[in-house]
There are 4 protein chains.
Amino acid sequence: MTRPAGDLAHIGHAELLTPTAEESLRFFVDLFGMEVEASEGQSVFLRGFGDYGRYSLKLTEAPLPGLGHVAIRAWDQASLERRVGAIEAGGRGEGWIDGDVGHGPAYRFTDPDGHRFELYYEQERYQPPPRLRPALKNVPQRFTGRGAAVKRLDHVNLLATDVAANRRFATEQLGYRLYERIELDDGSEAGAWLSLSIAAHELIYVADAHAAGGRLHHLAFWVDGRDELLRAADFLLDADVPIEAAPSKHAVANGYFLYVFEPGGNRVEVTSGGYFVYDPEFEPIVWTEAERARGQAWGVRTVESFHTYGTPDVSGKANGPPIPPTSAIPVRGRVLPDGVD
Amino acid sequence: MTRPAGDLAHIGHAELLTPTAEESLRFFVDLFGMEVEASEGQSVFLRGFGDYGRYSLKLTEAPLPGLGHVAIRAWDQASLERRVGAIEAGGRGEGWIDGDVGHGPAYRFTDPDGHRFELYYEQERYQPPPRLRPALKNVPQRFTGRGAAVKRLDHVNLLATDVAANRRFATEQLGYRLYERIELDDGSEAGAWLSLSIAAHELIYVADAHAAGGRLHHLAFWVDGRDELLRAADFLLDADVPIEAAPSKHAVANGYFLYVFEPGGNRVEVTSGGYFVYDPEFEPIVWTEAERARGQAWGVRTVESFHTYGTPDVSGKANGPPIPPTSAIPVRGRVLPDGVD
Amino acid sequence: MTRPAGDLAHIGHAELLTPTAEESLRFFVDLFGMEVEASEGQSVFLRGFGDYGRYSLKLTEAPLPGLGHVAIRAWDQASLERRVGAIEAGGRGEGWIDGDVGHGPAYRFTDPDGHRFELYYEQERYQPPPRLRPALKNVPQRFTGRGAAVKRLDHVNLLATDVAANRRFATEQLGYRLYERIELDDGSEAGAWLSLSIAAHELIYVADAHAAGGRLHHLAFWVDGRDELLRAADFLLDADVPIEAAPSKHAVANGYFLYVFEPGGNRVEVTSGGYFVYDPEFEPIVWTEAERARGQAWGVRTVESFHTYGTPDVSGKANGPPIPPTSAIPVRGRVLPDGVD
Amino acid sequence: MTRPAGDLAHIGHAELLTPTAEESLRFFVDLFGMEVEASEGQSVFLRGFGDYGRYSLKLTEAPLPGLGHVAIRAWDQASLERRVGAIEAGGRGEGWIDGDVGHGPAYRFTDPDGHRFELYYEQERYQPPPRLRPALKNVPQRFTGRGAAVKRLDHVNLLATDVAANRRFATEQLGYRLYERIELDDGSEAGAWLSLSIAAHELIYVADAHAAGGRLHHLAFWVDGRDELLRAADFLLDADVPIEAAPSKHAVANGYFLYVFEPGGNRVEVTSGGYFVYDPEFEPIVWTEAERARGQAWGVRTVESFHTYGTPDVSGKANGPPIPPTSAIPVRGRVLPDGVD
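Computed from a predicted structure; not experimentally measured.

(A) Structural view of the overall build of chain A. A tally of helices and strands in chain A yields 6 helices and 17 strands. For a compact globule of 341 residues, the expected C-alpha radius of gyration is about 20 Å, and chain A comes in at 20 Å, within 12% of that figure. Looking at chain A as a whole, 66% of its 341 residues qualify as buried. Sequence-distant contacts in chain A: of pairs separated by 6 or more residues, those separated by 24 or more amount to 65%. Counting every atom, chain A has about 11000 Å² of accessible surface; 50% of that belongs to carbon and sulfur.

Printed below as a string of structure tokens:
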């Protein structure tokens with residue numbers, strides 16, 4: 001087990017593609033409580049109240065939903081160049097771009113499944129306008145408390161045809177630490193939880209039910225405390241947002257979750273909790289099929305769409321996210337309908 | 001709509017029957033955090049830290065699990081006698097008993113489904129021993145914070161072959177207010193939420209899938225705040241308690257819930273939340289089959305055992321509470337096992 | 001101890017006077033998260049998301065801040081007339097008015113300290129416009145989650161030159177139950193906590209340090225859970241709202257509190273917690289001077305302004321609420337400044 | 001700003017001295033909810049439910065309370081030797097010891113103020129006995145939920161006559177990152193918040209009002225969520241534990257706090273919250289005297305003892321922790337006693 005923070009510090013931002021740009025923007029601003037920091041071309045740059053950089057979400061209009069790219073910040077210029085050298089040697093490099101809103105030159109590459117990544121170092125620090133100046137000098141922005149009021153991008157979960165190959169790429173070429181993984185009875189790998197820090201997960205790969213390549217499972221945004229997830233669920237329910245999975249606790253990584261679909265069809269999570277890995281000799285947790293069949297931490301069974309849906313959708317069904325099914329429990333005679341107290 | 005608090009004040013205690021007296025006692029003391037206030041014969045009398053009376057749970061050894069009786073306290077002696085007169089006139093009365101630990105003479109009767117009730121007025125106020133004296137003079141007992149640390153009995157949920165008949169008995173003869181109910185498409189009543197106070201539910205009837213009579217759905221114990229339910233779920237999981245339904249929020253009555261089985265096989269709930277009914281003209285909420293089919297407040301689907309299991313169990317299956325099923329989601333090829341992040 | 005809910009049901013709304021109408025309106029809408037339900041003359045009518053009536057706060061422009069009136073709803077017309085008769089007989093009646101936005105005829109009177117009250121029965125139920133329709137049919141309005149996001153008016157705290165006289169008026173003429181009170185060493189009464197329901201306080205009288213008459217200590221608005229108070233404190237701090245007392249827990253009545261000043265100079269509270277009084281024989285808690293000198297529940301000392309400031313301000317100091325003092329702890333040599341971790 | 005995790009990983013444990021060994025042990029077991037993992041000589045080794053190692057607190061009987069030592073674990077053997085070399089060169093080294101319960105050889109040294117530290121690498125991983133086996137394989141121990149139920153040692157706060165000298169030693173010789181500090185108007189440094197990870201503080205130095213050397217301000221133990229602090233305050237209040245500072249939020253480092261005294265006289269904290277430092281270019285926050293005079297995050301004024309008391313006590317007053325003062329607010333005439341709602 002290598003120590004965390006080799007050359008790369010953290011995911012600075014992720015780019016999300018949406019076919020319904022205006023509705024998605026309204027979602028992230030009005031319902032997730034993010035602020036618009038900049039706009040350029042087909043993209044809007046959004047921040048949570050705790051982001052030290054200018055933004056952590058780049059929202060870009062596109063024909064189909066899905067992931068644009070994941071941008072990882074290096075610890076310094078030398079670290080950046082070292083990682084670029086390794087990636088180039090591995091043959092997955094695409095070359096440098098001049099930079100983007102808020103950050104300097106970035107090196108593009110893809111992971112084995114075809115998701116686009118960028119590495120960069122130079123970055124502008126956020127300067128709040130007067131209306132967003134905080135009362136305390138050690139926080140970057142005023143807490144506006146709007147809707148789910150997410151603090152920052154927390155982790156990125158990517159679908160992959162070959163989880164093991166992508167997991168190896170992340171650990172060997174990017175310096176991620178592997179904290180947890182799922183190994184099925186046939187020996188194949190169904191999920192890998194990776195981090196650059198002591199936080200239990202920052203990058204996740206889970207098996208794609210369709211061999212499509214480059215698909216997104218979800219982006220997760222942080223809130224401070226599990227109570228915030230319950231509040232967000234009340235709020236999002238009343239805002240007519242489709243809830244895929246109500247607040248509960250994951251077995252893997254111990255995170256609290258709430259999964260919803262934003263209007264573009266992408267799955268997004270409000271997350272909190274998890275654990276810290278302080279142990280220099282930490283051995284990755286390996287979950288078996290039987291263990292995972294027990295459901296989430298408190299026994300909640302995962303909804304089926306969670307295993308099958310990603311963006312862009314390749315199911316051949318009508319566009320858009322899955323509609324949560326109504327109860328299949330028979331309601332007749334003396335059998336109670338779903339949900340009786 | 002009549003005003004609350006006609007003649008009866010609240011459910012003072014409930015008696016729970018258990019075939020595994022010692023294990024059930026350990027459950028309520030060690031895991032639910034209650035205190036033993038007294039013992040007599042086959043019964044132990046247990047209290048939550050917020051009970052003003054000596055106890056709110058009478059735990060009695062018996063061949064089968066289920067409800068012993070529900071004891072309701074009247075506002076005063078005259079009110080008690082008025083209610084007894086009404087019940088006697090209705091033909092469901094059984095007569096007076098001398099009293100029990102902590103309370104005076106009580107009048108016994110059964111509801112139309114055959115559950116035993118008692119009405120009483122005279123009651124001893126709790127006097128904490130030195131080790132349980134609280135710091136603040138306006139609370140009855142020290143907060144020991146053990147396990148789920150329930151505060152008091154909150155509500156009783158009874159199965160009934162004919163919900164409407166029992167609901168009418170509760171409103172007409174006992175003075176309960178009806179706050180919510182479920183009406184199926186065939187016009188039958190599947191559930192009724194009743195209260196003597198502004199709290200949204202104190203007594204509930206739900207349809208029994210088996211026409212057995214007198215069965216218990218669950219007893220619910222209060223905690224102050226939904227955060228306590230999440231904590232209790234972590235604690236009870238690690239204590240090997242079977243969790244039937246993980247913490248979430250009911251649509252009906254808006255209560256937060258956590259359902260588990262105590263060792264005797266009875267379902268017990270840790271509850272919080274709900275709403276207050278301040279409106280003198282409040283009209284009972286009526287839920288249709290289609291509305292209830294949407295699941296709980298945030299869309300969580302109720303587990304099937306919740307609709308079929310009660311105590312005593314009459315399903316003909318092996319004794320004991322239902323074992324929560326493992327995932328039925330197929331785990332093969334590229335389909336993820338249940339619970340991937 | 002009489003049973004609760006004699007003739008009166010609950011405080012339907014309170015009228016708050018403000019010399020800075022526009023700023024106060026922005027405060028209650030943008031920071032407390034209330035909705036404007038109506039406007040008329042110099043008044044705006046505001047509601048919390050949980051109010052079953054159209055509003056619970058009437059905000060009225062006036063030269064000085066303070067209380068306009070407190071309006072209490074009766075259980076029915078006969079109850080209303082019974083209370084009016086009693087008040088008229090007591091000589092404090094002022095006569096009927098035709099009604100106001102959302103409610104019918106009301107009878108005006110003053111308590112012994114000169115605060116204006118109204119009693120009424122007929123009231124319109126709230127009908128949400130499309131943008132505020134909730135997902136669940138048993139709640140009156142969508143949860144918009146804006147700022148402190150208060151649910152409803154919870155209680156009213158009035159200053160009184162003679163607490164005992166006003167307490168007696170409330171219990172004898174209005175039917176309030178007395179749950180707690182403070183009795184000083186000289187036998188005088190410094191505070192009385194009163195309720196029409198099982199909730200621990202709905203109307204409070206505390207001693208006025210100035211014999212001005214008719215002054216307001218604060219209006220309190222409910223949130224579901226103590227976690228909401230901590231969130232509100234973060235939000236209000238960043239919104240530049242003067243915080244008089246940070247979130248903590250009262251010894252008296254066990255309520256969680258957060259006290260701030262709205263722009264008009266009135267003290268307002270965000271509150272949760274407290275206890276329920278189920279005991280028909282409940283004896284009021286009496287606190288001595290020595291007991292109250294121990295501070296709030298966890299030992300927090302109350303800020304001095306809490307004992308001296310009310311609206312309208314009669315201290316002779318500059319208008320406006322007291323500015324929370326900076327630390328008086330000497331900072332020199334090796335003595336640490338206030339607040340070191 | 002150097003990247004975190006140079007050679008040292010985290011504080012593995014701290015040793016606390018107590019003159020009342022039995023009472024202190026009961027405190028940490030019964031009230032803080034820790035488990036006894038081992039005993040040896042005058043010491044007992046205690047763990048929180050989230051400690052991956054065998055313990056994080058070594059409790060040792062001694063004539064006076066205070067700090068025994070702080071033990072920091074290195075990332076690997078080479079890192080350990082590199083740090084030892086640096087410390088030896090700096091002249092503060094004391095030499096190697098063979099190890100202690102649960103860990104291998106350790107190198108002893110003192111910081112400039114005279115606090116004893118140890119560095120080590122080899123460590124045993126915790127193996128729970130059957131009664132403490134958790135339900136989930138990615139947590140080290142069952143959650144017993146007893147009392148404050150602390151998860152692990154979080155940070156150590158040390159008093160120092162010369163904060164700047166100790167801060168430099170920690171950053172230069174141990175590789176700590178400096179995240180926040182207080183600089184008084186005279187240019188002297190009153191506090192420094194240091195970390196080896198992205199967590200906002202793991203080691204803190206604050207100015208000692210007495211030039212005694214080697215004194216302890218407090219040890220802090222983590223709980224997951226600010227709601228746990230409020231619960232702990234209720235529990236500890238009823239357990240007769242002296243509360244120095246009720247739950248609130250620090251301005252510096254944004255941590256939630258609850259400060260109490262354990263029976264030996266040492267100050268201990270229950271903590272949660274704080275922020276993560278993901279920025280590779282993070283500039284330490286510098287607080288001025290005027291800024292700190294505004295109190296804690298929500299304006300709460302720090303109690304005076306927090307600035308003056310440490311262990312061992314050198315104030316010349318009677319032994320034992322300071323008794324929280326009762327209110328000095330005059331209670332006479334119309335002035336209300338402390339704490340009126």
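(B) Inspection of the sheet that holds strand 7 (residues 106-110) of chain C at higher detail. All names here are of chain C. What the 8 strands build is an open sheet, ordered 2-3-4-1-5-8-7-6; its pairing is mixed. Among the strands making up the open sheet, the edge pair consists of strand 2 (35-40) and strand 6 (93-97). The average angle at which neighbouring strand axes cross in this sheet is 25°, direction not considered. By the bridge criterion, 4 bridges tie strand 3 (residues 43-47) to strand 4 (residues 57-61) in an arrangement that is antiparallel. Bridge pairing in strand 4 links Ser 43 to Thr 60.

(C) Up close: the pairing of strand 15 (residues 255-261) of chain A. Residues and elements named next belong to chain A. Burial of strand 15 is extensive: 7 of the 7 residues sit out of reach of the surface. The pairing of strand 14 (residues 243-249) with strand 15 spans 4 bridges and is antiparallel. The residue of strand 15 that forms the bridge with Ala 245 is Tyr 259. The hairpin turn running from strand 14 into strand 15, its antiparallel successor, is 5 residues long, and Ala 253 in that turn takes a positive phi close to 70°. Strand direction decides the pairing type here: strand 15 and strand 16 (residues 267-273), joined by 7 bridges, are antiparallel. From the neighbouring strand, Phe 257 faces strand 16, where its bridge partner is Thr 271.

(D) Focus on the sheet that holds strand 8 (residues 116-120) of chain B. Residues and elements named next belong to chain B. Strand order in the open sheet formed by 8 strands is 2-3-4-1-5-8-7-6, with mixed pairing between adjacent strands. For this open sheet the edge positions go to strand 2 (35-40) and strand 6 (93-97), each flanked by a neighbour on one side alone. Here the average twist between neighbouring strands, direction ignored, is 25°. In the sheet, strand 6 pairs with strand 7 (residues 106-110) via 4 bridges, with the strands oriented antiparallel. Its bridge partner lying in strand 7, Ile 97 is registered against Ala 106. The strands that helix 1 (residues 21-31) touches are strand 1 (8-18), strand 2, strand 3 (43-47) and strand 4 (57-61); relative to strand 4, the one it contacts most, it runs at about 160°.

(E) Molecular detail of the environment of Gly 145 of chain B. Relative to the helices and strands, Gly 145 of chain B is located in the loop between strand 8 and strand 9 (152-160). Taking the C-alpha atoms as reference points, Gly 145 of chain B and Phe 32 of chain B, 113 residues apart in sequence, are found 9.4 Å from one another. If sequence neighbours within four positions are ignored, Gly 145 of chain B has contacts with Arg 231 of chain B together with Gly 145, Gly 147, Arg 231 and Phe 235 of chain D.

(F) Seen up close, helix 3 (residues 163-172) of chain C. All names here are of chain C. Of all 10 residues in helix 3, 7 are buried, a share of seventy percent or more. Residues of helix 3 that are buried: Val 163, Ala 164, Ala 165, Asn 166, Arg 167, Phe 169 and Ala 170. Where helix 3 begins, the side chain of Asp 162 points an oxygen toward the backbone nitrogen of Ala 164, at a separation of 3.2 Å.

(G) Looking closely at the packing of aromatic side chains. In this structure the tally under the stated criterion is 69 aromatic pairs over all chains. Summarising the aromatic geometry, the rings of Trp 96 of chain B and Tyr 107 of chain B are spaced 5.5 Å apart at their centres and angled 70° between planes, so their arrangement reads as edge-to-face. A residue pair is termed long-range when its members are at least 10 positions apart, and Trp 96 of chain B in strand 6 and Tyr 107 of chain B in strand 7 qualify at 11 residues. Take Trp 96 of chain B: its relative accessible area is 42%, and that puts it in the partly exposed class. Residue Tyr 107 of chain B is classed as buried on the basis of its relative accessible area, which comes to 2%. Aromatic pair Tyr 259 of chain C and Phe 306 of chain C: ring centres 4.7 Å apart, planes at 65°, arrangement edge-to-face. A residue pair is termed long-range when its members are at least 10 positions apart, and Tyr 259 of chain C in strand 15 (residues 255-261) and Phe 306 of chain C in helix 6 (residues 305-308) qualify at 47 residues. When sorted by exposure, Tyr 259 of chain C lands in the same class as Phe 306 of chain C, which is buried. Members of the aromatic cluster, each reached through a chain of ring pairs, are Trp 222, Phe 276 and Tyr 278 of chain B together with Trp 222, Phe 276 and Tyr 278 of chain C. One Lys or Arg, Arg 47 of chain C, reaches over the ring of Tyr 126 of chain C and ends 3.4 Å from the middle of that ring.

Reading the values: rules and limits
Residues numbered from 1 in each chain as written. Chains lettered and ligands numbered in written order. Predicted model: local features only at pLDDT ≥ 70, side-chain atom pairs only at ≥ 80, totals over all residues. Heavy atoms only, no water. Helix = DSSP H or I, 4+ residues; strand = E, 2+ residues; numbered from the N terminus. Rg over C-alpha atoms; globule rule 2.2 N^0.38 Å. Buried < 20%, exposed > 50% of the residue type's maximum accessible area, 1.4 Å probe, protein only. Contact = heavy atoms within 4.5 Å. Areas by Shrake-Rupley, 256 points an atom, 1.4 Å probe, with all protein chains shown as cover. Pairing = 2+ DSSP bridges. Axes fitted to C-alpha atoms, helices over the stretch in contact; angles between N-to-C directions. Polar contact = N/O pair within 3.5 Å; in protein donor to acceptor, adjacent residues only side chain to side chain. Phe/Tyr/Trp six-rings, centres within 6.5 Å; stacked < 30°, edge-to-face > 60°. Lys NZ or Arg CZ within 6 Å of the ring centre and 35° of its normal.

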